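Given next are the chains, with one letter for each unit.
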Amino acid sequence: MSTVEITVTVNGSSRTRRVPDRLLLADFLRHELRLTGTHVGCGHGVCGACTVLVDGATMRSCLMLAVQADGASITTVEGLAPPGGLHPVQQAFHELHALQCGFCTPGFLASTIELLRENPDPSETEIREALHGNICRCTGYVNIVKAVRRAAELMRAG
Ligand code: FES
Ligand code: FES
């Protein structure tokens, strides 16, 4: 097994590790860095549970190798909230009861953050289109859409 040294910035902290060249980014985050908020559902790019932000763009961490993230800046769910508070998207999901078991939630949060950066006032249709790659097994989609609308309000209010 060949290994490669990589350096990534994760949630603002620089991390250098020697990793197997075939290690998935999801496994790197969960097992090497113990950031277990990144969930693995399907393991092959379908459910969106493993979605993180890589240089600000959503990425399915089950489809990316850790070595491909060398030099990148990664944000996981653990890095969203300011100290002592919640990110506005987390706040909105909390207020609108947009989660049940919460397994899908880290991925939905990442996708919502990307959506609202590109479209600060999305319609319901635009929200559903943007989040169609995230699957909620608890089927809480109605409240998730409401929460994204609420998150947009909170973020526009600054
Ligand atoms: S675990 Fe990555 S998309 Fe399902
Ligand atoms: S809240 Fe359970 S999978 Fe979405």
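Note that the structure is a prediction, hence the values are computed from the model and not measured.

**Q** What am I meant to see in the pattern of salt bridges here?
**A** All told, the structure shown has four salt bridges when counted by the stated rule. Across the salt bridge formed by Glu124 and Arg128, the nearest N and O atoms sit 3.0 Å from each other. Of this pair, Glu124 and Arg128 are both found in helix α4 (residues 124-130), four residues apart, which corresponds to roughly one turn of the helix. By relative accessible area, which is 43% here, Glu124 ends up partly exposed. Among the ionic contacts, a cluster of salt bridges with common partners joins Glu95, Arg150 and Glu153.

**Q** For this particular structure, what's the right way to read helix α3 (residues 105-118)?
**A** In a regular helix each residue adds 1.5 Å, so 14 residues correspond to 20 Å; α3 covers 20 Å between its end C-alpha atoms and thus fits that length. Those residues of α3 that fall on the buried side of the exposure criterion are Thr105, Pro106, Gly107, Phe108, Leu109, Ala110, Ser111, Thr112, Ile113, Glu114, Leu115 and Leu116.

**Q** What am I meant to see in the pairing of strand β2 (residues 13-20) here?
**A** Looking down a regular strand, the side chains alternate between one sheet face and the other. Two elements, strand β1 (residues 3-10) and β2, share eight bridges in a ladder whose sense is antiparallel. Note that in β2 the partner of Thr7 across the bridge is Thr16. Counted between consecutive antiparallel strands, the loop separating β1 from β2 contains two residues, among which Asn11 sits at a positive phi close to 50°.

**Q** How do you make sense of the side chain of Asn134 when you look at a structure like this?
**A** Of note, Asn134 is situated in the loop between α4 and α5 (141-157). Setting aside its immediate chain neighbours within four residues, Asn134 contacts Cys47, Gly48, Thr51, Gly107, Phe108, Ser111 and Tyr141.

**Q** Would you explain the pairing of strand β4 (residues 57-60) in this entry?
**A** Across four bridges, strand β3 (residues 51-54) lies against β4 in antiparallel orientation. Looking across to β4, one finds that Thr51 is bridged to Arg60. The turn joining β3 and β4, which pair antiparallel and follow one another in sequence, is formed by two residues; a positive phi near 50° is taken by Asp55.

Conventions adopted
- Residues numbered from 1 in each chain as written.
- Chains lettered and ligands numbered in written order.
- Predicted model: local features only at pLDDT ≥ 70, side-chain atom pairs only at ≥ 80, totals over all residues.
- Heavy atoms only, no water.
- Salt bridge = Lys/Arg side-chain N within 4 Å of Asp/Glu carboxyl O.
- Helix = DSSP H or I, 4+ residues; strand = E, 2+ residues; numbered from the N terminus.
- Buried < 20%, exposed > 50% of the residue type's maximum accessible area, 1.4 Å probe, protein only.
- Expected span 1.5 Å × (residues − 1).
- Pairing = 2+ DSSP bridges.
- Contact = heavy atoms within 4.5 Å.

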